[in-house]
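Here's the letter readout for the chains.
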Amino acid sequence: MTIEVKDVTVRFGGVTALKDASLTLERGKILAVVGPNGSGKSTLFNAITGMAKPAAGTVVVDAKRIDDLPAYKRIAWGVARTFQTPRFDPKVTVEEAVMCGFFRLRRTSIMASLLRTPSAAAEEKRFRDRCNEILDDLKLSGFRSQQMSELPMGRVRLVEVARAVANEPKYILLDEPAAGLAVDEQRMLSHEMRRLAERGVGVLLVEHNFNLIRELAEHVVVLKEGSMLLEGTPETIAKNQAFIDTYLGS
Ligand code: ADP
Ligand code: MG
């Protein structure tokens, strides 16, 4: 069970944001994507989730080609994501935002839900209980009634992670989720990513902090100016001169 990205190219007008990118994300594994700003990391996420239309290449999820499906249909294939810059309505509360994540799992009709039938009430309770668990896991319980506008950006990203987890995805794509988090929040996020992988979720992680990558990821893909510079284990990447030059400037 994998996401297979093969030779994907994305262009915006004259700019080639991503060129011939390929990767394989297995369920239960954590794969990291690194690269300087503008190297195509977010575009890669957009190509997988359908927010960018590749000019070439294929995206296959669990043996089903999905690159011709619109974004909203890809969610049904169990691919959840977070955004580098989340856009929530500022008045939405943390709890409401996470409850939105259960949408994909809903089995009762709108009518049943309005009439509060026993099965609709049971489903609602199940989602609320699970929401509480997720908020606890990500240490967000204390902020459940706060509005998004009241939270620092780091915590807003954490709410996005919580919402994506609520979706019970098979694959989760996290775009710089640790940016702006305090050390203890980062630790808790690492813990959550590991827990997801242990439950069989494939985690694709864009991250700049190489210590965090070393701790979590078995495999790393390095992008530079839209192209794949190299890939390998965190250990081999960290020793690679091209990688060092890309990050530190040669
Ligand atoms: P990263 O996430 O690695 O910082 P991005 O994927 O956001 O990089 O961007 C890669 C390149 O594509 C950049 O040159 C960026 O300016 C360009 N780009 C990204 N999204 C768009 C867009 N919607 N329209 C035009 N250019 C874009
Ligand atoms: Mg980005």
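Described below are features of the structure shown in this document. Every value quoted in this text rests on a predicted model; they were computed, and no experiment measured them.

### With respect to the pairing of strand S8 (residues 202-206)
Piece 1. For S8, a buried count of five out of five residues is recorded, marking the element as mostly surrounded by other parts of the structure.
Piece 2. By the bridge criterion, four bridges tie strand S3 (residues 30-34) to S8 in an arrangement that is parallel. Across the sheet, residue Ala-32 finds its bridge partner in S8, namely Leu-205.
Piece 3. Here strand S7 (residues 171-175) pairs with S8 via five bridges, running parallel. Its bridge partner lying in S8, Ile-172 is registered against Val-203.
Piece 4. In this fold, the crossover linking S7 to S8 by way of helix H7 (residues 183-198) has right-handed handedness.

### Side note on the environment of Glu-26
Piece 1. Here Glu-26 shows up in strand S2 (residues 15-26).
Piece 2. Its 17 C-beta neighbours within 10 Å are what place Glu-26 among the partly exposed residues.
Piece 3. Sequence-wise, Glu-26 and Val-220 are 194 residues apart; in three dimensions their C-alpha atoms are separated by 13 Å.
Piece 4. If near-sequence neighbours (up to four positions away) are discounted, Glu-26 is found in contact with Thr-2 and Gly-202.

### Overview of unusual backbone geometry
Piece 1. Positive phi outside glycine occurs at Asp-7, with the angle close to 50°.
Piece 2. Examined against the element boundaries, Asp-7 turns out to sit in strand S1 (residues 2-12).
Piece 3. Not every positive phi belongs to a glycine, and Ala-63 is a case in point at roughly 70°.
Piece 4. Looking at the secondary structure, you find Ala-63 in the loop between strand S4 (56-61) and strand S5 (64-65).

### Focus: the packing of helix H5 (residues 118-137) against helix H6 (residues 153-166)
Piece 1. For the pair H5 and H6, interaxial distance at closest approach is 10 Å and the crossing angle is 140°. Classified by the angle their axes make, H5 and H6 are oblique. For the pair H5 and H6, the sense of crossing is right-handed. On H6, the residues touching Arg-130, Cys-131, Ile-134 and Leu-135 of H5 are Ala-162, Val-165 and Ala-166.
Piece 2. Partitioning the contact of H5 with H6 into residue classes produces six nonpolar, no polar and one charged.

### Considering the site of ligand 1
Piece 1. Every residue near ligand 1 is listed here: Phe-12, Val-15, Ala-17, Gly-35, Asn-37, Gly-38, Ser-39, Gly-40, Lys-41, Ser-42 and Thr-43.
Piece 2. Elements that contribute at least two residues to the shell around ligand 1 include exactly S2 and helix H1 (41-49).
Piece 3. Among the elements that make up the shell around ligand 1, the one with the highest residue count is H1 (three residues).
Piece 4. Split into classes, the residues belonging to the shell around ligand 1 amount to three nonpolar, seven polar and one charged.

Rules and cut-offs
Residues numbered from 1 in each chain as written. Chains lettered and ligands numbered in written order. Predicted model: local features only at pLDDT ≥ 70, side-chain atom pairs only at ≥ 80, totals over all residues. Buried ≥ 20, exposed ≤ 12 C-beta atoms within 10 Å, placed from the backbone. Helix = DSSP H or I, 4+ residues; strand = E, 2+ residues; numbered from the N terminus. Pairing = 2+ DSSP bridges. Right-handed = clockwise from strand over helix to strand, strands pointing away. Contact = placed C-beta atoms within 7 Å. Axes fitted to C-alpha atoms, helices over the stretch in contact; angles between N-to-C directions. Parallel < 35°, antiparallel > 145°, perpendicular 65-115°, else oblique. Left-handed = near helix turned anticlockwise from the far one by under 90°. Nonpolar A, V, L, I, M, F, W, Y, C, P; charged D, E, K, R; others polar. Near = placed C-beta within 6 Å.

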